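# Working through the structure, step by step
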Amino acid sequence: MKSNMVNERARLYHNINVIGFVIVDMIEYLDTHPYDKEAIEYLNHYLALKHQAMAEYAEKYGPLSIGNVPDTDCNEWKWATQPMPWEGGF
Amino acid sequence: MQNFSKNYNQPEYVDQYPIAMAYVPWQQQATVFEDLNAAFYAGTIFPELEKPFVGRRCVK
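A brief look at the structure comes next.

When you go through chain B residue by residue, the secondary structure sums to one helix and zero strands. Out of the 60 residues in chain B, the part that is buried amounts to 13%. Summarising the internal contacts of chain B: among those between residues at least 6 apart in sequence, 0% fall at separations of at least 24. Here chain B displays about 5500 Å² of accessible surface, and carbon together with sulfur accounts for 60% of that area.

Next comes the structure, spelled out in structure tokens:
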């Protein structure tokens, strides 16, 4: 069970990184094409997707950003107790 | 006051550019890769910006 839980976590984390990258790339495109409505819709779609993926990751494993702390269970300050990147966390 | 909001990137303005300055044509196409995971490894989501280095190491 442990290995596929780690794979699931790594997969979700990878997806968050990919979505984050797509967002950054589209932001740069919009900087030079500020009136491209289609691009804005595309960006909004992926912003929502990232928001949802981050919340899911926080619920399952721990907050990746302080904004996701509300998505974690309240009786533990996971922000500090979850493993650090050098301890195998992300 | 020069109107900076005008897009000087259109080809017809080229003759108005001051000399000895570098110019980079702006991206036009807004087509996006279907497979975003591949785009992630390609380093861009825009096909027209994917320019993989295809040269060789300097061979003596």
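That covers the picture; the talk isn't over yet.
This part takes up the interface of chain A and chain B. In this assembly, 13 residues from chain A lie in contact with 15 residues from chain B. Counting the surface lost from both chain A and chain B, the interface buries some 1100 Å², and carbon and sulfur atoms represent 71% of this. Applying the counting rule to chain A against chain B returns zero salt bridges. Put simply, chain A and chain B have four residue pairs in polar contact (both at pLDDT 80 or more) between them. Elements that contribute at least two residues to the side of chain A that touches chain B include exactly helix H1 (2-32) and helix H2 (37-60) of chain A. Top contributing element to the side of chain A that touches chain B by residue count: H1 of chain A, with nine residues. For the side of chain A that touches chain B, the residue count by class is seven nonpolar, four polar and two charged.

Quick look at a nonpolar patch on the surface now. Residue and element names in this part refer to chain A. A cluster of nonpolar side chains, contributed by Ile66, Trp77 and Trp79, occupies part of the molecular surface with about 330 Å² of accessible area. On the secondary structure map, Trp79 appears in helix H3 (residues 78-81). Judged by relative accessible area, which is 34%, Trp79 ranks as partly exposed.

About the thresholds
Residues numbered from 1 in each chain as written. Chains lettered and ligands numbered in written order. Predicted model: local features only at pLDDT ≥ 70, side-chain atom pairs only at ≥ 80, totals over all residues. Heavy atoms only, no water. Helix = DSSP H or I, 4+ residues; strand = E, 2+ residues; numbered from the N terminus. Buried < 20%, exposed > 50% of the residue type's maximum accessible area, 1.4 Å probe, protein only. Contact = heavy atoms within 4.5 Å. Areas by Shrake-Rupley, 256 points an atom, 1.4 Å probe, with all protein chains shown as cover. Buried area = accessible area lost by both parts, 1.4 Å probe. Salt bridge = Lys/Arg side-chain N within 4 Å of Asp/Glu carboxyl O. Polar contact = N/O pair within 3.5 Å; in protein donor to acceptor, adjacent residues only side chain to side chain. Nonpolar A, V, L, I, M, F, W, Y, C, P; charged D, E, K, R; others polar. Patch = residues over 30% accessible without salt bridge, like charges linked within 9 Å, V, L, I, M, F, W, Y side chains within 5 Å.

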